[in-house]
Amino acid sequence: MQSTVENVSPTQAKIDLEIPFEDLKPFVDRTFKSLANQIQVPGFRAGKVPAKLIEQRVGYDFVVENALNEAMDTFFQQALAEHDLTPIAQPKLEVSQQPSAEDREAATKAFIEVTVRPEIELPEYKGLKVEVEARNGGDADETEALDELRGRFGTLKSVDRPAAEGDFVSLDLQALIDDEEVDAANDLSYEVGSGTMLEGMDEAVTGLSADEDATFVTKLAGGEHSGEEATVKVKVTAVKERELPEADDEFAQLASEFDTIEELRADLKKQAADSVVVEQGIEARDKVLDQLVGLVDVEVPDVVLQEQIDQHFNNPNADADHDTPEHRAEVEENAKNAFRNEIVLDAVADKEELGVEQSELIDYIISTSQQYGMDPNQFAQMLDGSGQAGMMVGEVRRRKALAKVLEYAEVVDTDGNAVDLSSFVTPAGAEEATEAEAVEETEATEK
């Protein structure tokens, strides 16, 4: 088989194929054999019908068409491998010449239009400079974390005063539309200022004491009248404030694995500092990626965009009301960004010769399955059953590539201070594993 490639565009290639009959003949013979098992001819057993009789029944062109249907994928894969092309969409095939009854051993000529991954010129990605928000994980964050922890163990005590922000109130509610009751509830508990109930609720109950009421107009947030404007009557039946336990050794032993409040405070302070690193790391990672991709011109194939749009809006669970020009434009832009990110990070991974370890795949499965609320084993089986195992490997590899770019980056905060993200780029567990692997390699070499 002979094949030549014409690059129509950075993402479109045209492959011309010329297949000699001797390359197609094994598939023609196989088709004759298959038809011999299907066609019944008096005097011949199944599978023993001569090729001439089969041809008389179905025609030589029919045999060739079936042989080509089976053979073309094989020839197509050979051409892709020969020219090192990676298709990213279903190819379009057209046969311009094939064997026929008039020319039984003619060569087959065909061309295939295929969408391929664009080749890019990777820019210098070492030393990218980004700025992140200055953050401080100091005493204030430690105190806030301690107060939050104390709040989990707090108790509510009734007070005889008007309700204020942070108090808990017991409520009776009645919702009316055109003076007709559409909903009602009694003995509801609500934290003033939380904004978790109806719009206007906080303003209505703030300043009310027990047995006092108020009326306000709002839009209902649930039920058959959701979104409709209603008059809501609210009565406060009790006002309670939260009493926090004393921050002492006894509380530390109750709320944590520590024996003293000093140990608990030290741990909360470390958590606050770690949280700052994570927040700055995520911000820096996103900005580094945006900066890197902005340095590269990546053509996004129309077929990729259309596939993503169709997948999004043809989802049976999708809300039909969301299919608007604005939402389609948003989905299209997200698809473009995702494709560009993938192409650039794959190029970085190739440059850095990054691989994926089994332990990294397991970590990915566990963390991603938790996001979907699934059992990790079931999630892994779902990916494997849907043929997405390769996608999983690619995603982990791209994450490693982005971490490598961030490792090379120069990160400062808005105060001009250098930001150390080493613990974010290489978590302690991963660093220890890398060191262990290095020791094992050294020992193996010495042996």
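Up top is the structure.
Source: prediction; values computed, not measured.

The rules behind these values
Residues numbered from 1 in each chain as written. Predicted model: local features only at pLDDT ≥ 70, side-chain atom pairs only at ≥ 80, totals over all residues. Heavy atoms only, no water. Helix = DSSP H or I, 4+ residues; strand = E, 2+ residues; numbered from the N terminus. Buried < 20%, exposed > 50% of the residue type's maximum accessible area, 1.4 Å probe, protein only. Lys, Arg positive; Asp, Glu negative; His and termini not counted. Salt bridge = Lys/Arg side-chain N within 4 Å of Asp/Glu carboxyl O. Polar contact = N/O pair within 3.5 Å; in protein donor to acceptor, adjacent residues only side chain to side chain. Contact = heavy atoms within 4.5 Å. Pairing = 2+ DSSP bridges. Axes fitted to C-alpha atoms, helices over the stretch in contact; angles between N-to-C directions.

## Examining the side chain of E352
Considering the arrangement of structural elements, one finds E352 in helix 9 (residues 325-352). Despite its burial, E352 pairs with no opposite charge; the closest candidate is K126, at 4.5 Å N-O. Within the structure, E352 has its side chain in polar contact with the side chain of Y408 (distance 3.3 Å). The residues touching E352, leaving out its near neighbours within four places in the chain, are Y125, K126, K404 and Y408.

## Some points on the pattern of salt bridges
Enumeration according to the criterion identifies 22 salt bridges in this entry. Across the salt bridge formed by R161 and D167, the nearest N and O atoms sit 2.7 Å from each other. On the basis of relative accessibility, which here comes to 5%, the residue D167 falls in the buried class. Among the ionic contacts, a cluster of salt bridges with common partners joins R117, E342, D346 and R398.

## Considering the sheet that holds strand 4 (residues 108-115)
If you walk across this open sheet you meet the four strands as 1-2-4-3, and the pairing is antiparallel. Each of the sheet's edge strands pairs with one partner strand only, and the pair in question is strand 1 (2-9) and strand 3 (92-97). Each strand axis lies, on average, 20 degrees off the axis of its neighbour in the sheet, ignoring direction. The pairing of strand 2 (residues 12-19) with strand 4 spans eight bridges and is classified as antiparallel. The residue bridging I15 from the neighbouring strand is I112, located in strand 4.

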